[in-house]
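Chain by chain, the residues run as shown.
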Amino acid sequence: MASFDHIGVVGGGAWGTALACLARRAGRRVTLWSRDPAISHAIAESHVNPVYMPDIALDDGIEAASDIAALAGCDIVLLVCPAQAVRTVSAKIGGTGPIVICAKGIEAKTGLLMPEVLAECQPGRAIAVLSGPSFAEEVVRGLPTAVSIATADHELGRRLAATLAAAAFRPYWTHDVLGVALGGAVKNVLAIAAGIVEGRGLGTNAAAALITRGFAEMARLGQAMGAELETLAGLSGLGDLVLTCYGPLSRNRSLGSALGKGMTLAGYMEGRRQVVEGQATAPAVLARAARLEIEMPICTAVDAILHRGADLDQTIRGLLARPLRREGE
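Note that the structure is predicted; figures quoted are calculated from it, not measured.

Participant: What is the right way to look at the overall build of the protein chain in this model?
Facilitator: Counting its secondary structure elements, the protein chain contains 15 helices and 8 strands. On C-alpha atoms alone, the protein chain measures out to a radius of gyration of 19 Å, which is about the 20 Å that the 2.2 N^0.38 rule sets for 329 residues. Taking the principal axes of the C-alpha coordinates as reference, the protein chain spans close to 55 × 40 × 35 Å. Put simply, the protein chain has 329 residues, and 54% of those count as buried. By sequence separation, contacts in the protein chain at least 24 residues apart represent 67% of the contacts at least 6 residues apart. Total accessible area computed for the protein chain in this model is approximately 14,100 Å², and 53% of it derives from carbon and sulfur atoms.

Here's what the structure looks like:
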């Protein structure tokens, strides 16, 4: 099975840097572009990302591009910018090779999932989605990681998996693009809720209930949209949900924990460069659910706390006071 030899990476954040390192480890030629010229310059001259991975020596074979046009000649492009920037950035990507979306979220203005956004910006171009339980720092350190790669083209999925597979990085391919994209978006909102549970000291019983009932919300919405339950229960759904809710490197969980301890959203975000995707995704998830008449009480509570000034303790009491029902509903 033929793999792709030249990989372009759009995004010089932690995950983009990690994927560039991974691709080099898999024996590929890699060109990385960052919107921050200082990051591109540092990678080219010093082989380090001074902002997102200052303590990691990068493979000197990673080529840094100052102009995104340099990626037009790549065999495939990994799109690793924040979800809310996918529309703007993807429109600048030239060439004809497949684009692999590595951003997780829902576009706030339109309610579209990332592959839906990309289909509008790059009509007719082959699209795939890479998602799953994968903290950037652990991938760079070579710790075992498994992810999903979704694309409608079965053979393309096999080629992408063969291209990125390395000794400790195992990609599984699937055709369920919608399911993989949705799982990666909803889990970020639920991770904020998990952080609130931890920060408020609500205990491990509550934590286990949160992840279980949160997955039920993800599954209800996903199936109503046409996703497969097998996908939602896999790496890009339940697997990523577990990691993001309880992994110590999770930005969404960290935000929730800070809120649970009494910090304001503005106070937490002040001075931070990294995006917390669940913040923008929460209202977008609910808008999509409302159109399908799907109830998502945990995501609703997170949105109310983040964006509607809801009292945290009163919101928690409201969740616990909801009418009793049969499990599975």
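Participant: What is the right way to look at the environment of Glu-295 in this model?
Facilitator: By the element assignment, Glu-295 lies in the loop between helix H13 (277–291) and helix H14 (297–307). By relative accessible area, Glu-295 is classed as partly exposed at 44%. With 78 residues separating them along the chain, Glu-295 and Glu-217 place their C-alpha atoms 7.5 Å apart. Sequence-distant contacts of Glu-295, that is, excluding residues within four places in its chain, are made with Arg-220, Arg-322 and Arg-325. One polar contact links Glu-295 to Arg-322, side chain to side chain, over a distance of 2.9 Å.

Participant: I'm lost on the nonpolar core in this one. Help?
Facilitator: Across soluble globular proteins, nonpolar side chains show a tendency to be buried alongside one another. Counting residues in each nonpolar core, the largest one holds 46 residues, and the members touching the most others are Val-186, Leu-221 and Met-296. Elements with a contribution of two residues or more to this core: helix H7 (177–199), helix H8 (204–225), helix H10 (235–246), helix H11 (251–260), helix H12 (265–269), H13, H14 and helix H15 (312–320). Examining the composition of this core, we find that 12 residues originate from one element, H7, more than from any other. In this structure Met-296 touches Val-186, Glu-217, Met-218, Arg-220, Leu-221, Val-285, Leu-286 and Ala-289, once residues within four positions along its chain are discounted. Of all hydrophobic cores here, the second largest spans 36 residues; its members include Leu-32, Leu-78, Val-80 and Val-139.

Participant: Help me understand the sheet that holds strand S8 (residues 169–174) in this model?
Facilitator: Hydrogen bonds between backbone atoms are what pair the strands of a sheet, whose relative direction is either parallel or antiparallel. Reading across from one edge, S3-S2-S1-S4-S5-S6-S7-S8 is the order of the 8 strands in this open sheet, with mixed pairing throughout. Sheet topology places strand S3 (62–65) and S8 at the edges, where each strand pairs with a single neighbour. On average, each strand axis in the sheet is tilted by 25 degrees relative to the strand beside it, whichever way the strands run. Two elements, strand S4 (residues 76–79) and strand S5 (residues 99–101), share 3 bridges in a ladder whose sense is parallel. Bridge pairing links Leu-78 to Val-100 in S5. Strand contacts of helix H2 (residues 37–46): strand S2 (29–33) and S3, with the helix running at about 145 degrees to S3, the strand carrying the most contacts.

Participant: Honestly, the packing of aromatic side chains in this entry has me stumped. Any pointers?
Facilitator: To describe a pair of aromatic rings, you give the distance between the ring centres and the angle between the ring planes. Summed over the entire model, instances satisfying the criterion amount to 0 aromatic pairs. The ring of Phe-4 is capped by Arg-159, whose NZ or CZ atom sits 4.0 Å from the centre of that ring. Above the ring of Tyr-268, the side-chain terminus of Arg-272 is found at 3.8 Å from the ring centroid.

Participant: What am I meant to see in the pairing of strand S7 (residues 145–150) here?
Facilitator: Residues in a regular strand point their side chains to alternate faces of the sheet. In terms of burial, S7 is largely enclosed, as 5 of its 6 residues are buried. The pairing of strand S6 (residues 127–131) with S7 spans 3 bridges and is classified as antiparallel. Among the inter-strand pairings, Ser-131 is bridged to a residue of S7, identified as Ser-148. Looking at chain direction, S7 and S8 are connected through 6 bridges and run parallel.

Participant: Could you clarify how one ought to interpret the pairing of S3 in this entry?
Facilitator: Sheet topology note: the S2/S3 ladder contains 4 bridges and is parallel. Bridged to Thr-31 within S3 is Glu-63. Note on the crossover from S2 through H2 to S3: the handedness is right-handed.

Calculation rules
- Once a new chain begins, its residue numbering starts again from 1 and follows that chain's sequence as written.
- Two thresholds apply to this predicted model, a pLDDT of at least 70 for residue-level local features and 80 or more for giving and counting side-chain atom pairs, whereas whole-chain, interface and lining totals are computed over all residues.
- With hydrogens and water set aside, each side-chain value is computed from the structure's full complement of heavy atoms.
- Secondary structure follows DSSP: runs of H or I at least 4 residues long count as helices, runs of E at least 2 residues long count as strands, and numbering of each begins at the N terminus.
- Here the globule rule is a power law, 2.2 Å times the number of residues to the power 0.38, and the radius of gyration is based on C-alpha atoms.
- The rule is simple: take the accessible area with a 1.4 Å probe, protein chains only, and divide by the maximum for that residue type; under 20% is buried, over 50% is exposed, in between is partly exposed.
- Should any heavy atoms of two residues lie within 4.5 Å, those residues are counted as being in contact.
- Surface exposure here means Shrake-Rupley accessible area, sampled with a 1.4 Å probe, where a residue is shielded only by the protein chains that are shown.
- Counted as a polar contact is a pair of N or O atoms within 3.5 Å, where, for protein atoms, one must be capable of donating a hydrogen and the other of accepting one, and residues adjacent in sequence contribute only when both atoms are in side chains.
- Within this scheme, the nonpolar core is defined by two criteria: the residues are buried Ala, Val, Leu, Ile, Met, Phe, Trp, Tyr or Cys, and they are joined through side-chain atoms within 4.5 Å.
- Should DSSP find at least two bridges between two strands, the strands are taken to pair.
- Axis definition: a line fitted to C-alpha atoms, over the contacting stretch in the case of helices. Angles run 0 to 180 degrees between N-to-C directions.
- Put simply, two rings from Phe, Tyr or Trp (the six-membered ring, in Trp's case) pair if the centres are within 6.5 Å, and we call them stacked under 30 degrees between planes, edge-to-face over 60, tilted for the rest.
- Here, a charge over a ring means that NZ of Lys or CZ of Arg falls within 6 Å of the ring centre while also lying within 35 degrees of the ring normal.
- Convention used here: a crossover is right-handed provided that the path from the first strand, over the helix, to the second strand proceeds clockwise when the strands point away from the viewer.

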